[in-house]
Amino acid sequence: MIRAVFWDLDNTLLDFDVAEKEALTTDFREFGLGELSDEMLAEYMKLNRRRWQMLERGEMDKQEVLEGRFREFFGLYGLRIDIAAAFNDRYQELLGETICFRDNSYELVKGLKGKYLQCMASNGTKKAQTGKLKNSGFDKLFDLSFISEEIGFEKPAIEFFDAAFIEVNKWLEANEASLRGEFLGEIKPSEILMVGDSLTSDMRGANNAGLISCWYNPKKIVNDLGVKIDIEIDNLCQVLDVLNKYQPHRGTFYECI
């Protein structure tokens, strides 16, 4: 039985790539750095991805990821390295201002509200994710939001999920009087579906913590990392099929276009 869904936010429910390009373009303009070319953006995305993977492996702290990526990036193109911290601060704000939903994700989460406990589970910064939640309307739909910066551990660390489990069951206990039977009693890790796009944080984290792993893989990337995948989907609306398969007695919730 699935009783709760943990949703990743960036490049799962929301198109992070669109927001990233818009935020960087605006940041470049505001700091007088000229035009952000496609070549520069591709180079930035490559080095940024490398640093986030180092963070997931515990090889780098978050501040060095956030500011260090811009120091490295600016150094490649002869730009001012001393503005990296201020540039990153503004970038975090800008990330929350461009909202692009993936696969009707808002309608999907809204349709499941009250039927499953739904939580955001993200490694993004508090400033950026708070803006995204507010501007997307997801802040009104999620029962709980877990941000690694607040928890003190990054996905895929089991400590991230252990902290989330504690908060989930505290929430259930506090809201027990108003909940239906499906919600009553402690939720076990094996009753939680983790939906995310990242093999190294979302899916490996689900493996570490004993969650059901649901890999959102619209680009049909080959899993060559040996990460165990319970379910693979290429459209978020397929989550409905997954939930109906695990709990057929609860019926189809609605049609996701």
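Since this is a predicted model, take the numbers as computed values, not measurements.

Some words on the packing of helix H4 (residues 84–95) against helix H6 (residues 126–136)
Their axes nearest at 7 Å, the elements H4 and H6 cross at an angle of 20 degrees. Judged by the angle between their axes, H4 and H6 are roughly parallel. Every pair of crossing elements has a handedness; the one defined by H4 and H6 is right-handed. Where H4 approaches H6, its residues Asp89, Gln92, Glu93 and Leu95 are matched on the opposing element by Lys127, Ala128 and Lys132. For the contact of H4 with H6, the residue count by class is 2 nonpolar, 1 polar and 4 charged.

Observations regarding the environment of leucine 79
If you trace the backbone, leucine 79 turns up in the loop between helix H3 (62–76) and H4. On a C-alpha basis, the gap between leucine 79 and leucine 33 in space is 7.4 Å, while along the polypeptide they are 46 residues apart. Excluding residues within four positions of it along the chain, leucine 79 makes contact with Phe28, Leu33, Met40 and Phe74.

Thoughts on the packing of helix H1 (residues 16–30) against H4
Where H1 contacts H4, the two axes come as close as 9 Å, and the packing angle between them is 135 degrees. Compared by their axis directions, H1 and H4 come out oblique. Relative to H4, H1 is oriented so that their crossing is right-handed. Contact with H1, carried on its side by Phe16, Ala19, Glu20, Ala23, Leu24, Thr26, Asp27, Phe28 and Glu30, involves Phe87, Arg90, Tyr91, Leu94 and Leu95 of H4 and no other residues of that element.

Digging into the pattern of salt bridges
Evaluation of the coordinates by the stated rule reveals 23 salt bridges. We note a salt bridge from aspartate 10 to lysine 132, for which the minimum N-O separation is 2.7 Å. Note that aspartate 10 is positioned in the loop between strand S1 (4–7) and H1 and lysine 132 in helix H6, a separation of 122 residues in sequence. Assessed through its relative accessible area of 3%, lysine 132 is described here as buried. When the shortest N-O distance is used, the salt bridge between aspartate 38 and lysine 21 registers 3.9 Å. One end of the pair, aspartate 38, is in helix H2 (residues 38–56); the other, lysine 21, is in helix H1, and 17 residues separate them in sequence.

What counts as what
- Residues numbered from 1 in each chain as written.
- Predicted model: local features only at pLDDT ≥ 70, side-chain atom pairs only at ≥ 80, totals over all residues.
- Heavy atoms only, no water.
- Axes fitted to C-alpha atoms, helices over the stretch in contact; angles between N-to-C directions.
- Helix = DSSP H or I, 4+ residues; strand = E, 2+ residues; numbered from the N terminus.
- Parallel < 35°, antiparallel > 145°, perpendicular 65-115°, else oblique.
- Left-handed = near helix turned anticlockwise from the far one by under 90°.
- Contact = heavy atoms within 4.5 Å.
- Nonpolar A, V, L, I, M, F, W, Y, C, P; charged D, E, K, R; others polar.
- Salt bridge = Lys/Arg side-chain N within 4 Å of Asp/Glu carboxyl O.
- Buried < 20%, exposed > 50% of the residue type's maximum accessible area, 1.4 Å probe, protein only.

None of this, on its own, says anything about what the molecule does.
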